[in-house]
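Topology and contacts: notes
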Amino acid sequence: MTLIDRTTHMPKRRLRRAALASVCTATVAVGLFAAGAPAANAVIADGAQQTLVVLTKFPSEQWTGGVSTHITVDQARANVFDGADSANAMFKEMSGGRVSLAGVVAPAIVDMTDAAAGCKTGELVRQARAGAQAQGIDVSKYPRTIVYTSKGAGCNGGIGTSGTGVGGYVQMDWYMGGASMVHEIGHNFGLSHSGLMRCKDSAGNEVPLYQSGYDAPNGEPSSCGSDVYGDPYDPMGAGDLRSWFSAPHLYQLGWLSSAQATTVTENGVYTLNALEDNGAGRRALRLPINPNGAEIWIEHRASLPQNRFDQFGTDQVTQGVSLRLSTNASGMTRLLNMNPTGAHNSQLNVGQSWTYPGVATVKLLSIDAATNTAQVQITKDPMITTDKTLPDAVAGSAYSTQLTERGGTPAFGWSIDSGALPAGMTLSTDGVISGTPTTPGTYQVKVRLRDAAAQKDWRLFTITVKAPVGFVTAKALPGATAGTAYSTKIEAAGGSGSYSWWLADGALPAGLSLTGATSTSINVTGTPTTPGTYTFKLRVNDNGTYAYRTFTIVVS
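Cut-offs used in this document
- Residues numbered from 1 in each chain as written.
- Predicted model: local features only at pLDDT ≥ 70, side-chain atom pairs only at ≥ 80, totals over all residues.
- Heavy atoms only, no water.
- Pairing = 2+ DSSP bridges.
- Helix = DSSP H or I, 4+ residues; strand = E, 2+ residues; numbered from the N terminus.
- Axes fitted to C-alpha atoms, helices over the stretch in contact; angles between N-to-C directions.
- Phe/Tyr/Trp six-rings, centres within 6.5 Å; stacked < 30°, edge-to-face > 60°.
- Buried < 20%, exposed > 50% of the residue type's maximum accessible area, 1.4 Å probe, protein only.
- pLDDT = per-residue confidence, 0-100.
- Contact = heavy atoms within 4.5 Å.

Judged by pairing direction, the sheet is antiparallel, and its 4 strands sit side by side in the order E13-E21-E20-E19 without closing on themselves. Sheet topology places strand E13 (268-273) and strand E19 (353-356) at the edges, where each strand pairs with a single neighbour. Sheet twist, expressed as the mean angle between neighbouring strand axes with direction ignored, is 25 degrees.

We now examine the packing of aromatic side chains. Counting across every chain of the model gives 12 aromatic pairs. With 6.3 Å between their ring centres and 70 degrees between their planes, Phe-91 and Trp-255 make a pair best called edge-to-face. Placement of Phe-91 in helix H3 (residues 87-94) and of Trp-255 in the loop between helix H6 (247-252) and strand E12 (261-263) is noted, with a sequence separation of 164 residues between them. Across the pair, Trp-255 and Phe-91 agree in class, each one buried. On the numbers, 6.0 Å between centres and 35 degrees between planes, the contact of Phe-536 with Phe-551 is tilted. Placement of the pair is Phe-536 in strand E36 (residues 532-542) and Phe-551 in strand E37 (residues 545-555), with a sequence separation of 15 residues.

Burial within strand E3 (residues 47-57) is extensive, with 8 of its 11 residues counted as buried. Here E3 pairs with strand E4 (residues 99-105) via 7 bridges, running parallel. Bridge pairing in E4 places Val-53 opposite Val-105. Taken together, the 5 bridges between E3 and strand E6 (residues 144-149) define a ladder with parallel strand orientation. Its bridge partner being in E6, Leu-52 is matched across the sheet by Thr-145. With 2 bridges connecting them, E3 and strand E5 (residues 110-111) associate as parallel partners. In the sheet register, Thr-56 faces E5, and the bridge partner there is Val-110.

The next point concerns the sheet that holds strand E28 (residues 432-435). Strand order in the open sheet formed by 3 strands is E24-E28-E27, and the pairing between neighbours is antiparallel. Two strands in the sheet have a free side with no partner beyond their single neighbour: strand E24 (399-402) and strand E27 (425-427). Pairs of neighbouring strands in the sheet enclose a mean axial angle of 10 degrees, with direction left out of account.

Once that is clear, we can look at the confidence of the model for the protein. Taken as a whole, the protein shows an average pLDDT of 84; of its residues, 85% reach a score of 70 or greater. Throughout residues 1-42 the model reports pLDDT below 50, and contacts reaching past four residues in sequence, or to other chains, amount to 154 contacts. Low pLDDT (under 50) marks residues 64-68, which in the prediction has 9 contacts with non-local residues, meaning those over four places away or in another chain.

The subject of this paragraph is the pairing of strand E16 (residues 320-326). Burial analysis of E16 places 7 of its 7 residues in the buried class, which makes it a mostly covered element. Here strand E15 (residues 295-299) runs beside E16; their pairing, made up of 5 bridges, is antiparallel. If you follow Ile-296 over to E16, its bridge partner there is Leu-325. As paired elements, E16 and strand E18 (residues 348-349) share 2 bridges and run antiparallel to each other. The partner of Gly-320 across the bridge, within E18, is Asn-349.

Encoded structure:
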């Protein structure tokens, strides 16, 4: 297993999450176009996750109990298993009752040796499990270990190993509560962090992604970075005791199905239920943004009466929808800040629109507080879908191909932006390239697509005009000798290169025949019987275009 996190997650309430983020935040470069959006891994098996909890200290320390000094066995049990705000309660609620924590807290504090000093986590876990075994606990029943450490361990935070949900360990400092534990166990479950995207314009002011003045649809925003723990609405970020995992993390754990997380492929208005509603309805939207699997996730948060967690009070997140970028292979998500006056005003509000250039515009039409639903309008930008290499044309032959698009707002208009089509060919406004090309060669033309909303897309196309089909083999074929086996090949070139052959006139010498026809050649084979000079005419057909040649064979 891989060590994934060391953070100083203090158990704070929602109104103090900004302070929490300031303790944990780091800034990293943003790779927007890497592959690896979250997949429905469903790595967490339904049922109780068997967990061993051990309290530890060093012999020189006095463990007096009480939250202000060191945690007690009862407090640890409440944090992990039994308390109303326990990690167990959070996992049960977020998973819809499918996953819980069960296990045991070692009844006595385990003394560590100096070998574990300096927060040597592997040694801490080894000694903790050995100490619990010495107290009569069969530790083999508990693949996951939570070790509460004292001040003397020198850990100053929490650590979780990245795993696949089966086991792993979590180290927690004595003062850390259920929310921090959910964060670290989230790493055991295979989750990465939830960051906050921060973008700036040329004056240094924070603005939403793709409004910074530096961004280009086909490149990475140079003006953006990410606070690794900056998402205040996900325990994998700066979320507090009341935070659910965000939609991409619920999906990654298998707690949100593909039916509940709709992939947007068409323009439309989508009804979005609250993320916290564990019913069968749509709870998230997924907007693909490139072929590598990067996506924008859209969710609506609400304070539902049946839930204990995600109770927002006056927090503005319930007034809009949240958008997250999920891109890189590590699985980290980034909350997009739609109103960069602070992380707690990050939502897209009613009437507000946001555009990802070349992909789509997202507009929040309404929020219904009575039903806890949101109406989200998605208008996908027009995108040319025709392959950049067009079907070959043949000089002198009629040609037609239809360019295609998806997304956008009808009606569409097509035009040539730069370059030129082969002579004899035109592009209609409805996207048909047609005509009869006259000159063989390879041509490039940049075509522009524009929709009714004045959104555009471009693509550079290549079209090859081939010479028409014709015979390559000379009219006079090699001579033959009566009574001697004979074989020669007749070849053609040009056109599409997929030919059919006919004997159009005349006759081959007795004993010879046309054999072994391929897409580009045919053979004359056999044993001629009668001397003489023979002529015959062959026809080669290339998709309706014909060439003829009269051949001569002298049989001596």
